[in-house]
Amino acid sequence: MKILVLGGAGYIGSHTVYSLIEQGSEVVVFDNFETGHIEAVHPEAKLYKGDLRNRAEIDEVLDKEKNIDAVIHFAANSLVGESMIKPLKYYDNNLCGTKVLLESLVEHGIKNIVFSSTAATYGEPLHTPILEDDPTNPTNCYGETKKAMERMFYWTEIAYGLKYVSLRYFNACGAHISGKIGEAHNPETHLIPIILQAANGTRDHISIFGTDYNTPDGTCIRDYIHVTDLAQAHILAVKYLLDGGKSDIFNLGNGVGFSVKEVIETARKVTGKEIKAIEEARRAGDPAVLIASSDKAKKILGWKPEYDDLSTIIKTAWKWHSTHPDGYATK
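Residues numbered from 1 in each chain as written. Predicted model: local features only at pLDDT ≥ 70, side-chain atom pairs only at ≥ 80, totals over all residues. Heavy atoms only, no water.

Asker: Quick one: what's the story with the overall build of the protein, residue by residue and with numbers?
Answerer: For the protein, the count of helices and strands is 10 helices and 13 strands. The C-alpha radius of gyration of the protein comes to 19 Å, within 12% of the 20 Å expected for a compact globule of 331 residues. Referenced to the eigenvectors of the C-alpha coordinate spread, the extents of the protein come out at roughly 55 × 45 × 40 Å. Each of the 331 residues in the protein was classed as buried or not, and the buried ones make up 56%. Expressed as a percentage of contacts within the protein between residues at least 6 apart in sequence, the contacts between residues at least 24 apart total 77%. Put simply, the protein shows about 14,200 Å² of open surface, and 50% of that area lies on carbon and sulfur atoms. (Helix = DSSP H or I, 4+ residues; strand = E, 2+ residues; numbered from the N terminus. Rg over C-alpha atoms; globule rule 2.2 N^0.38 Å. Buried < 20%, exposed > 50% of the residue type's maximum accessible area, 1.4 Å probe, protein only. Contact = heavy atoms within 4.5 Å. Areas by Shrake-Rupley, 256 points an atom, 1.4 Å probe, with all protein chains shown as cover.)

Asker: Outline the pattern of salt bridges, supporting the account with residue identities and numerical values.
Answerer: Pairing is possible between side chains of opposite charge, provided their charged atoms come close. Overall, the coordinates contain 20 salt bridges when judged by the stated rule. Residue Glu150 pairs with Arg168 through a salt bridge whose shortest N-O separation is 2.7 Å. Highlighted residues: Glu150 in helix α5 (residues 141-160) and Arg168 in strand β6 (residues 163-169), separated in sequence by 18 residues. In this pair, the class of Glu150 matches that of Arg168, namely buried. When the shortest N-O distance is used, the salt bridge between Lys276 and Asp204 registers 3.8 Å. With Lys276 in the loop between α8 (260-271) and β12 (277-280) and Asp204 in the loop between α6 (191-200) and β8 (206-209), the pair connects residues that are 72 residues apart, well separated along the chain. Residue class for Lys276 comes out partly exposed when judged on its relative accessible area of 44%. What emerges from the salt-bridge pattern is a single network uniting Arg55, Asp59, Lys99, Glu103 and Glu107. (Salt bridge = Lys/Arg side-chain N within 4 Å of Asp/Glu carboxyl O.)

Asker: Which residues make up the packing of helix α2 (residues 55-64) against helix α4 (residues 87-108), and what are the values?
Answerer: At a minimum axis separation of 10 Å, α2 and α4 run at an interaxial angle of 35 degrees. Read as a crossing pair, α2 and α4 show a hand that is right-handed. Packed against α2, whose contacting residues are Arg55, Ile58, Asp59, Leu62 and Asp63, the element α4 presents Val100, Leu101, Glu103, Ser104, Leu105, Glu107 and His108 at the interface. (Axes fitted to C-alpha atoms, helices over the stretch in contact; angles between N-to-C directions. Left-handed = near helix turned anticlockwise from the far one by under 90°.)

Asker: Any chance you could break down the pairing of strand β10 (residues 248-252) for me, citing the residues and the numbers?
Answerer: The element β10 is extensively covered by neighbouring structure, given that 5 of its 5 residues are classed as buried. Across the two faces of β10 the burial is the same, with Asp248, Phe250 and Leu252 and Ile249 and Asn251 all buried. Judged from the 5 bridges that link them, β6 and β10 form a sheet pairing that is parallel. When the bridges of β10 are listed, Arg168 appears paired with Asn251. (Pairing = 2+ DSSP bridges.)

Asker: Mind laying out the sheet that holds strand β2 (residues 26-31), listing which residues take part and the relevant values?
Answerer: Strand order in the open sheet formed by 7 strands is β3-β2-β1-β4-β5-β6-β10, with parallel pairing between adjacent strands. Of all strands in the sheet, those bounded by a partner on one side alone are β3 (46-49) and β10. When strand polarity is set aside, the average angle formed by the axes of neighbouring strands in this sheet is 20 degrees. Relative to β6, strand β5 (residues 112-116) runs parallel, the two sharing 5 bridges. Opposite Phe115, over in β6, you have Ser166 as the bridge partner.

Asker: Quick one: what's the story with helix α7 (residues 227-242), residue by residue and with numbers?
Answerer: Because an α-helix packs 3.6 residues into every turn, residues spaced three or four apart end up facing the same way. When the terminal C-alpha atoms of α7 are compared, their 23 Å separation across 16 residues agrees well with the 22 Å that a helix rising 1.5 Å per residue should span. Most of α7 sits inside the fold, with 13 of its 16 residues counted as buried. Positive backbone phi, approximately 100 degrees, marks Gly244, located one or two places after α7. (Expected span 1.5 Å × (residues − 1).)

Asker: How would you summarise the pairing of β2 if you had to cite specific residues and measurements?
Answerer: Within β2, 5 of the 6 residues are buried, which leaves it mostly tucked inside the rest of the structure. Since strand β1 (residues 2-6) and β2 lie parallel, the crossover through helix α1 (residues 11-22) that links them has a hand, and here it is right-handed. (Right-handed = clockwise from strand over helix to strand, strands pointing away.)

Asker: Help me get a handle on the packing of aromatic side chains, residues and values and all.
Answerer: The final tally for this structure, using the stated rule, is 5 aromatic pairs. Ring plane angle 25 degrees and centroid distance 6.0 Å describe the contact between Phe153 and Tyr164, whose orientation is recorded as stacked. You can see Phe153 sitting in helix α5 and its partner Tyr164 sitting in strand β6, a full 11 residues away along the chain. Looking at Tyr164, the relative accessible area reads 7%, which means it is buried. Members of the aromatic cluster, joined through ring pairs, are Phe115, Phe153 and Tyr164. Sitting over the face of the ring of Tyr154, Arg151 holds its NZ or CZ atom 4.3 Å from the ring centroid. The cationic tip of Arg282 hangs over the ring face of Tyr213; the distance from NZ or CZ to the ring centre is 3.9 Å. (Phe/Tyr/Trp six-rings, centres within 6.5 Å; stacked < 30°, edge-to-face > 60°. Lys NZ or Arg CZ within 6 Å of the ring centre and 35° of its normal.)

Asker: Hey, could you go over the packing of α6 against α8 for me, with residue numbers and the actual values?
Answerer: Relative orientation of the contacting elements α6 and α8 amounts to 45 degrees, with a least axis distance of 10 Å. As far as their axial angle goes, α8 and α6 are oblique. Seen along the crossing, α6 lies across α8 with a hand that is right-handed. Residue-level inspection shows Leu191, Ile192, Ile195, Leu196 and Ala199 of α6 in contact with α8, the latter providing Val260, Val263, Ile264, Ala267 and Thr271. In terms of residue class, the contact of α6 with α8 is built from 9 nonpolar, 1 polar and no charged. (Parallel < 35°, antiparallel > 145°, perpendicular 65-115°, else oblique. Nonpolar A, V, L, I, M, F, W, Y, C, P; charged D, E, K, R; others polar.)

Take a look at the structure:
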């Protein structure tokens, strides 16, 4: 397969590129490096620097790179908090970029795309585990733009025949088993890397926001999914489309939830570090429990998470963070 990965220098995108190349695919990466890292791009991938909002730049790639079988689309801004104070930035990058991309794909006759969506499309869940046909009522601008992007794919298929798979996933975590690439955001907003920053001394403590939720230990419960398992789901979705599968939406998660306190305690055992934790008030808008049902992806795509044990997930993340305390700035 020849796959174009948009946002292939980002966290999940770079791991997907590694998995594609490890499985024998030819990969073209397109990234503007706003949040991605050139060091995270697999050396065997062909790399183009460009911005999706610039039609000429994506056209140039598709003009040069013939016989692309499918596109995997990770290129988007994805910070929930930032999306609430800079909503127009998210509409510009996420929606305008996708609109320009789709125009170029239609013109170049590329018919298959796998889209990196999010559980944030659901908003406050009515029940758990969350199912794909549950209502989508995003509570933040980031989730709203991802929902709108999904609808763009839907209407583009009706008009032009482009097939798509949208993958809605929950808490991506972990790092490549080799330790070569991992999670490096600035600012960091994800729980596990924040905990591990406290473990390696680049952060003083971890804050626990709310201990009075209706959960066994009072802290929020989330569904954590290893980034390599996410990567494999994208590859299976590509193969599903190339085999004639219909456009569809799939949740990706382990189907098992872990509380904030459970994650901190597991990290203490894995790292052997004390990891100072401070209990603070709840944050607005944090649901008590978010757990996905991935039965549909397992049944239709044949997806099976390999790294579904919390201790294993944190061990892979610690292998990366302990050797790269400053992310890609540390060699």
